Amino acid sequence: MSGVPLFPPTDAHLAAQIGFVLEIDRLKGVVRRNLIADASRRENTAEHSWHLAMLAGTLAEHAATEVDVARVIRMLLIHDLVEIDAGDTFYYDTVAEVDQVEREQKGADRIFGLLPAGQGAELRALWEEFEARETPDARFAKAVDRFQPCLLNFHTEGGTWREYDLTRTEVLAKQGSTIADGSPSLWAYTLQLIDEAVARGYLRP
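### Some points on the overall build of the chain
Tallying secondary structure elements over the chain gives 11 helices and two strands in all. The linear arrangement of helices and strands in the chain, starting from the amino end, is α-β-β-α-α-α-α-α-α-α-α-α-α. Taken over the C-alpha atoms alone, the chain extends approximately 60 × 35 × 30 Å along its principal axes. Counting across all 205 residues of the chain, residues that qualify as buried make up 46%. Sequence separation of at least 24 residues holds for 67% of the intrachain contacts in the chain that already meet a minimum separation of 6. Accessible surface, the chain as shown: approximately 10,200 Å² in total, 56% of it carbon and sulfur. In the chain, 21 positive and 33 negative side-chain charges are present, and the distance between their average locations comes to 3 Å.

Printed below as a string of structure tokens:
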């Protein structure tokens, strides 16, 4: 069973950590709406988190202000662990958004609670910081999180934009200030992508 070591260590501290590591393997089974760049299938949330970590490390020079890159990467690797319980909430699903915060808070309680108390509290605080978007690290992490789906949707000729018949206005409303606050240069590029997507028919005006 996921989260339960078949051969647990005798040390209770290590046993809790191994249980957590096994539990978060379930993130590989949470399927998102976005297609991967070659459009062959949808990405899962574990792949999404890895991809964001790579984007953050690669694009850190474009952050609005100086950030702690290692900390941003760590934040991105854990930011969606709550989806193991809460599932992925699509940006444009207004029904699922209603109880999203409640579902994700419950997921955070359980998942980070699997770790030894001090370590669990540390990761929970990092997750809360990401959600609040009040620090330079969190703002850049959130910007990357919003930028990546735009990049993938463009390179899959519309991807979920086409699937859900979205408009330029709808996409800008969801992405704008979040990307711009964390990285003005990535926001400038996102605007170019969106306008080109409209020109190519990937996105409705």
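### Remarks on unusual backbone geometry
Look at E157: it is not a glycine, yet its phi comes out positive at around 55°. With respect to the element layout, E157 can be found in the loop between helix 8 (136-155) and helix 9 (159-163). Of note in the backbone geometry, D165 takes a positive phi value of approximately 55° without being a glycine. Mapped onto the secondary structure, D165 falls in the loop between helix 9 and helix 10 (168-182). What makes D165 partly exposed here is its relative accessible area of 43%.

### Some remarks on the side chain of D88
Structurally, D88 is set in the loop between helix 4 (83-86) and helix 5 (94-97). In terms of polar contacts, D88 uses its side chain to reach the side chain of R32, at 3.2 Å. The residues contacting D88, other than those within four sequence positions of it, are V30, V31, R32, R33 and E83.

### Points about the nonpolar core
Formed by 48 residues in total, the largest nonpolar core has its most connected members in L76, F140, F147 and W161. Listed by contribution, the elements that provide at least two residues to this core are helix 2 (45-59), helix 3 (69-78), helix 6 (100-112), helix 7 (117-132), helix 8, helix 10 and helix 11 (184-200). Examining the composition of this core, we find that eight residues originate from one element, helix 8, more than from any other. Excluding anything up to four places from it in sequence, F147 contacts L55, L59, I179, L186, Y189, T190 and L193.

### Section: helix 7
Taking 1.5 Å of rise per residue, 16 residues should cover 22 Å, and helix 7 covers 22 Å from first to last C-alpha, within 8% of that figure. Among the residues making up helix 7, those that are buried are G120, L123, R124, L126, W127, E129 and F130. Where the residues of helix 7 are buried, they touch helix 1 (12-24), helix 3, helix 6 and helix 8. Positive phi appears at R133, one or two residues downstream of helix 7, with a value of about 55°.

Conventions used here
Residues numbered from 1 in each chain as written. Predicted model: local features only at pLDDT ≥ 70, side-chain atom pairs only at ≥ 80, totals over all residues. Heavy atoms only, no water. Helix = DSSP H or I, 4+ residues; strand = E, 2+ residues; numbered from the N terminus. Buried < 20%, exposed > 50% of the residue type's maximum accessible area, 1.4 Å probe, protein only. Contact = heavy atoms within 4.5 Å. Areas by Shrake-Rupley, 256 points an atom, 1.4 Å probe, with all protein chains shown as cover. Lys, Arg positive; Asp, Glu negative; His and termini not counted. Charge placed at Lys NZ, Arg CZ, Asp CG, Glu CD. Polar contact = N/O pair within 3.5 Å; in protein donor to acceptor, adjacent residues only side chain to side chain. Core = buried A, V, L, I, M, F, W, Y, C linked by side-chain atoms within 4.5 Å. Expected span 1.5 Å × (residues − 1).

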